[in-house]
Amino acid sequence: MSFQILLFLLLLVLGYFIGSYLEKKHYRSIIKREAELNKLPAVASKILPAGAASFEQRLVLGNVTISVDYFKRFIATLHNFFGGSVTSYETLLDRARREALLRMKSEAKKLNAGLVMNVKYETASIYKGSGSGVGSVEVLAYGTAMIPKQAAV
Amino acid sequence: MKYENPLIPEGINTSKTHALKTFLILVAGLLAILIISAWLLGAGGGYLASKIPYSQEKRLAQAYSEEAAPRTEILDYLQTLADKVSAAMQLAPEMKITVHYVAEDVENAFATIGGNIFLYKGLLEKLPNENALAMLIGHEIGHVRHRDPIVSIGQNAAISTGMMLLLGSTDTGILGSTGLLTQMQFSRDMESRSDETGLIAVEQLYGHVSGVLDLYRVLDSISEASPLDPPQFFSTHPISETRINELSELIVEMGWKEKAAVTPFPKQFSTWLSDS
């Protein structure tokens with residue numbers, strides 16, 4: 001019994017420190033790449049702009065799966081009991097959405113696209129329903145890359 | 001048409017409360033709920049258990065009657081003394097006290113449901129006279145009389161059932177996990193009350209209270225000898241010094257005789273102990 005409690009506390013402490021380190025690292029990388037890719041706009045509009053005939057259109061995808069650490073999951077379990085906004089999952093989803101969009105944009109950039117239109121998100125929770133299993137979230141961002149015809153690869 | 005993505009400010013989609021703060025608030029809330037519900041369950045379970053008829057309690061305690069030990073001289077002596085103490089206490093006739101002697105070097109003694117009292121060789125060896133032993137037995141009979149063992153079981157059963165429902169533990173042995181077969185956990189109030197009941201009975205029996213406090217001096221010396229591992233008898237017992245003071249006050253208040261010749265153990269007592 002005491003061994004289980006010790007193991008639980010150890011996992012909690014490890015989860016907290018490693019989890020926050022990785023999260024900070026990920027955010028630094030996200031902010032850096034977002035600044036780099038800011039020149040390539042991604043919009044939700046699906047109305048083609050004037051002169052769209054001179055663009056080739058191609059599907060671009062960005063997919064990411066991020067898992068939550070032990071500490072955050074424990075807090076979420078407590079939130080399950082008390083209610084309230086599950087603050088510990090907010091950063092998880094924020095990171096996943098931004099990372100998925102970045103991956104989609106970088107694919108579009110490789111294709112020399114000037115714009116990504118009709119951008120949409122899909123999310124899925126992995127291990128759904130497994131209770132105490134690992135809680136991971138998958139986010140897929142997809143859109144239509146508008147590639148100038150003369151620049152198409 | 002010109003498209004552009006603005007740089008979105010950081011942190012608009014996440015809350016700014018530190019995770020550790022959230023953690024502390026939630027854990028404190030959970031602990032408070034657990035403690036309050038455990039207390040409520042314990043009080044409720046104990047109250048209901050005290051309403052269980054004694055005949056039912058005896059039925060629960062049948063496990064002890066099966067392991068009836070062979071009649072030895074030491075057991076005969078202890079049983080006779082217990083009968084005398086219960087007579088002095090005017091114990092209800094259906095509360096028959098059954099003494100069990102355990103030949104182990106454990107410095108312990110306890111009472112459990114169905115009027116069963118367990119005395120360990122380790123503790124008996126240390127007692128200086130019969131009066132101290134009578135006080136020990138009186139204290140344990142006091143528990144029986146106040147129905148402490150069944151109340152303790154009721155409290156534990158209610159708490160473990162409640163926690164099982166709340167925390168989803170798979171431990172289903174309610175009676176097994178509540179100390180039916182092990183030592184009961186009594187509150188300090190229960191201990192003080194039993195001390196008092198025992199003392200009154202011993203005074204009735206011998207006509208004085210000489211030698212009675214020796215029991216607590218022995219218990220004190222045992223706990224001093226092993227400060228890191230106090231005997232089980234102490235786990236929930238009030239500190240001996242407080243108990244001695246409480247009892248001394250009662251003795252003065254009642255004007256009981258403190259100075260009188262103590263009754264020694266029968267001559268063969270130490271032989272009985274060492275032979276067992």
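Definitions and limits used
Residues numbered from 1 in each chain as written. Chains lettered and ligands numbered in written order. Predicted model: local features only at pLDDT ≥ 70, side-chain atom pairs only at ≥ 80, totals over all residues. Helix = DSSP H or I, 4+ residues; strand = E, 2+ residues; numbered from the N terminus. Buried ≥ 20, exposed ≤ 12 C-beta atoms within 10 Å, placed from the backbone. Contact = placed C-beta atoms within 7 Å. Expected span 1.5 Å × (residues − 1). Pairing = 2+ DSSP bridges. Axes fitted to C-alpha atoms, helices over the stretch in contact; angles between N-to-C directions. Nonpolar A, V, L, I, M, F, W, Y, C, P; charged D, E, K, R; others polar. Core = buried A, V, L, I, M, F, W, Y, C linked by C-beta atoms within 7 Å. Parallel < 35°, antiparallel > 145°, perpendicular 65-115°, else oblique. Left-handed = near helix turned anticlockwise from the far one by under 90°. pLDDT = per-residue confidence, 0-100.

## As for the overall build of chain A
Counting its regular elements, chain A contains three helices and three strands. When the helices and strands of chain A are placed in sequence order, the string is α-β-α-α-β-β. When the 153 residues of chain A are sorted by exposure, 27% land in the buried category. In chain A, 82% of the contacts between residues at least 6 apart in sequence involve partners at least 24 apart.

## Looking at the overall build of chain B
Helix and strand content of chain B: twelve helices and three strands. Counting every position in chain B, which comprises 276 residues, the buried fraction comes to 34%. Across chain B, every contact between residues at least 6 apart in sequence was considered, and the portion connecting residues at least 24 apart equals 74%.

## Some details on helix 4 (residues 73-88) of chain B
All names here are of chain B. When the terminal C-alpha atoms of helix 4 are compared, their 23 Å separation across 16 residues agrees well with the 22 Å that a helix rising 1.5 Å per residue should span. Those residues of helix 4 that are buried lie in contact with strand 1 (98-102), strand 3 (116-120), helix 6 (130-145), helix 9 (188-206) and helix 12 (269-275). With its phi angle positive at about 55°, glutamine 90 sits one or two positions after the end of helix 4.

## What to know about the sheet that holds strand 1 (residues 55-67) of chain A
Residues and elements named next belong to chain A. Here we have three strands laid out as an open sheet, ordered 1-3-2, and antiparallel in their pairing. Of all strands in the sheet, those bounded by a partner on one side alone are strand 1 and strand 2 (115-126). Sheet twist, expressed as the mean angle between neighbouring strand axes with direction ignored, is 15°. Two strands pair when backbone bridges link them, and strand 2 and strand 3 (residues 136-148) are joined in this way by ten bridges, in the antiparallel orientation. When the bridges of strand 3 are listed, tyrosine 121 appears paired with alanine 141. Contacts from helix 3 (residues 87-110) reach strand 1, strand 2 and strand 3 within the one sheet, and its direction differs from that of strand 1 by about 150°.

## Observations concerning the pairing of strand 3 of chain B
Residues and elements named next belong to chain B. Counting buried positions along strand 3 yields four of five residues, so the element is predominantly enclosed. Relative to strand 3, strand 2 (residues 109-112) runs antiparallel, the two being bridged by four bridges. If you follow threonine 112 over to strand 3, its bridge partner there is asparagine 116.

## Quick word on helix 6 of chain B
In this model, helix 6 of chain B (16 residues) spans 22 Å end to end at C-alpha, consistent with the 22 Å of a helix rising 1.5 Å per residue. Following helix 6 of chain B by one or two positions, arginine 147 of chain B adopts a phi angle in the positive range, close to 60°.

## A closer look at the interface of chain A and chain B
Contacts between chain A and chain B engage 17 residues on the former and 15 residues on the latter. Counting only elements with at least two residues in the side of chain A that touches chain B, the list comes to helix 2 (70-82) and helix 3 of chain A. Tallied by class, residues from the side of chain A that touches chain B come to ten nonpolar, five polar and two charged.

## Re the nonpolar core
Of all hydrophobic cores here, the largest spans 39 residues; its most connected members are Leu119, Ile141, Val202 and Leu215 of chain B. For this core, the secondary structure elements donating two or more residues are helix 4, strand 1, strand 2, strand 3, helix 5 (121-124), helix 6, helix 9 and helix 10 (214-225) of chain B. In this structure leucine 215 of chain B touches Leu127, Ala132, Met135 and Leu136 of chain B, once residues within four positions along its chain are discounted. Core analysis: the next-biggest nonpolar cluster, separate from the first, contains 23 residues, Ala42, Phe55, Val116 and Met146 of chain A among them.

## Notes on unusual backbone geometry
Of all residues except glycine, most have a negative phi; of all peptide bonds, most are trans. All names here are of chain A. One non-glycine residue with positive phi stands out, namely asparagine 112, at about 60°. For asparagine 112, the position within the fold is in the loop between helix 3 and strand 2. In this structure, asparagine 118 takes a positive phi of about 50° despite not being glycine. Mapped onto the elements of the fold, asparagine 118 is located in strand 2.

## Points about the sheet that holds strand 3 of chain B
Two orientations exist for strands paired in a sheet by backbone hydrogen bonds: parallel and antiparallel. Residue and element names in this part refer to chain B. Pairing in this open sheet of three strands is mixed, and the strands run 1-3-2 from one edge to the other. Strand pairing shows two members of the sheet lacking a second neighbour, strand 1 and strand 2, which therefore form its edges. For this sheet the average axis-to-axis angle between neighbouring strands, irrespective of direction, equals 20°. Across five bridges, the pairing between strand 1 and strand 3 is parallel. Bridge pairing in strand 3 places valine 102 opposite tyrosine 120. Across the sheet, helix 4 lies against strand 1 and strand 3, angled at about 145° from strand 1, the strand it touches most.

## Details of the packing of helix 2 of chain A against helix 1 (residues 19-50) of chain B
The N-to-C vectors of helix 2 of chain A and helix 1 of chain B enclose an angle of 50°; their axes lie 10 Å apart at closest approach. It follows from the interaxial angle that helix 2 of chain A and helix 1 of chain B lie oblique. As for the relative orientation of helix 2 of chain A and helix 1 of chain B, their crossing is left-handed in sense. Note on element contacts: helix 1 of chain B touches helix 2 of chain A through Ala19, Thr22, Phe23, Leu26, Gly29 and Leu30 of chain B, opposite Ile75, Leu78, Phe81 and Phe82 of chain A. Here the residues of the contact of helix 2 of chain A with helix 1 of chain B sort into eight nonpolar, two polar and no charged.

## With respect to the confidence of the model for chain B
Residues and elements named next belong to chain B. Summarising the model, chain B shows a mean pLDDT of 82, and 86% of its residues fall at 70 or more. A low-confidence stretch, residues 172-183 (pLDDT under 50), is modelled with 18 contacts involving residues beyond four sequence positions or located in other chains. Across the predicted assembly, pTM comes out at 0.65 and ipTM at 0.76.

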